[in-house]
Amino acid sequence: MNGTAYPEHGCWNRVGVAGDRSCAELARHAHCRNCPAYAEAAQRTMQRPVEPSYRAFWAEQLRQPPAQAQTGDASAIVLRIGHEWLALPSAMVLSVAPLAPAHRIPHRSAAGLLGVTNVGGRLLPALSLAPLLGIDGAAAPEICGRHVFARLLIVDANGQACAVPVDELHGMVRYARAQLAAPAATVERPRPAHLDGVLAYDGLQVGVLNGEQVAARLWELLK
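Read on for an overview of the structure. These figures come from a predicted structure and were not determined experimentally. (Residues numbered from 1 in each chain as written. Predicted model: local features only at pLDDT ≥ 70, side-chain atom pairs only at ≥ 80, totals over all residues. Heavy atoms only, no water.)

Another point: the layout of surface pockets. Taken as a whole, the largest pocket holds about 170 Å³ of empty space. Together, 12 residues line the largest pocket, and Ile81, Ser128, Pro165, Val166 and Asp167 are the ones closest to its centre. Where the lining of the largest pocket is concerned, the elements lending two or more residues are α5 (129–133) and β7 (160–166). With 3 residues, the single largest contributor to the lining of the largest pocket is α5. Classifying every residue of the lining of the largest pocket gives 8 nonpolar, 3 polar and 1 charged. (1 Å grid on protein atoms, 1.4 Å probe; cavity = no way out; pocket = protein on both sides within 12 Å on 5 of 7 lines; lining within 4 Å. Points joined across faces, edges and corners; volume = space filled by probe spheres on them. Helix = DSSP H or I, 4+ residues; strand = E, 2+ residues; numbered from the N terminus. Nonpolar A, V, L, I, M, F, W, Y, C, P; charged D, E, K, R; others polar.)

Glancing now at the nonpolar core. Across soluble globular proteins, nonpolar side chains have a tendency to be buried as a group. Of all hydrophobic cores here, the largest spans 27 residues; its most connected members are Leu79, Ile81, Leu88, Leu129, Leu153, Val155 and Leu218. Of all the secondary-structure elements, those providing two or more residues to this core are β1 (74–81), β2 (84–89), α5, β6 (151–157), β7 and α6 (211–221). Counting 12 residues, the second largest nonpolar core, distinct from the first, contains Trp85, Val173, Tyr175 and Leu204. (Core = buried A, V, L, I, M, F, W, Y, C linked by side-chain atoms within 4.5 Å. Buried < 20%, exposed > 50% of the residue type's maximum accessible area, 1.4 Å probe, protein only.)

Time to look at the state of the cysteines. Under the defined criterion, the tally for this structure stands at 0 disulfides. Free cysteine Cys35: the closest other cysteine sulfur is in Cys11, separated by 6.2 Å. Of the residues examined, Cys35 reaches a relative accessible area of 2% and is grouped as buried. (Disulfide = S-S within 2.5 Å.)

So, on to unusual backbone geometry. Even without being glycine, Arg21 reaches a positive phi, approximately 60 degrees. Topologically, Arg21 is positioned in the loop between α1 (11–14) and α2 (26–29). Unlike most non-glycine residues, Asp202 shows phi in positive territory, near 55 degrees. By the secondary structure assignment, Asp202 is in the loop between β9 (195–201) and β10 (204–209).

Next comes the structure, spelled out in structure tokens:
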């Protein structure tokens, strides 16, 4: 393996480590990759002429401007109400609390106003998004194989903290607003003003709610 016997034919494949190992240079170099003949062959491979078509192909590829990566410019809390997967802007969500019973307020029967509930020793108005968004909250699907339970989201409705029950929380997601698609059939019931669009996330079609519109509707219930 002296650099002249088999350099063009790959001596390492014949008498080297990939061949019959009869090369006398193996005792000194231990492996073909340490031999000058192997390095010389690599240099010849790197210096061989480039085909015009190959050069033209890569010239065209490198001429293209770099693709603009979509960056996450928004975040939301993904939740489920009934059979609808929705998302509220994370800035609107103050905290999460265990589900607690709501006590009705006398002479107040507006759809969506559940009453008041105790959250950590603090009485908060309990409001339901289901009637506001046209969702049948009683039609919650039976989900197996996951630990699913209802909770309260404490949300900011124009400066007033409110407790909103949800059937399931999926967690926070960051997304690019440019990723949002037009409302799909699974979320067509909410009024268009409530939806900024639909986000494909973790195998779900999530209706991203407009935080300002939702906060305004919740505030109306408290008047």
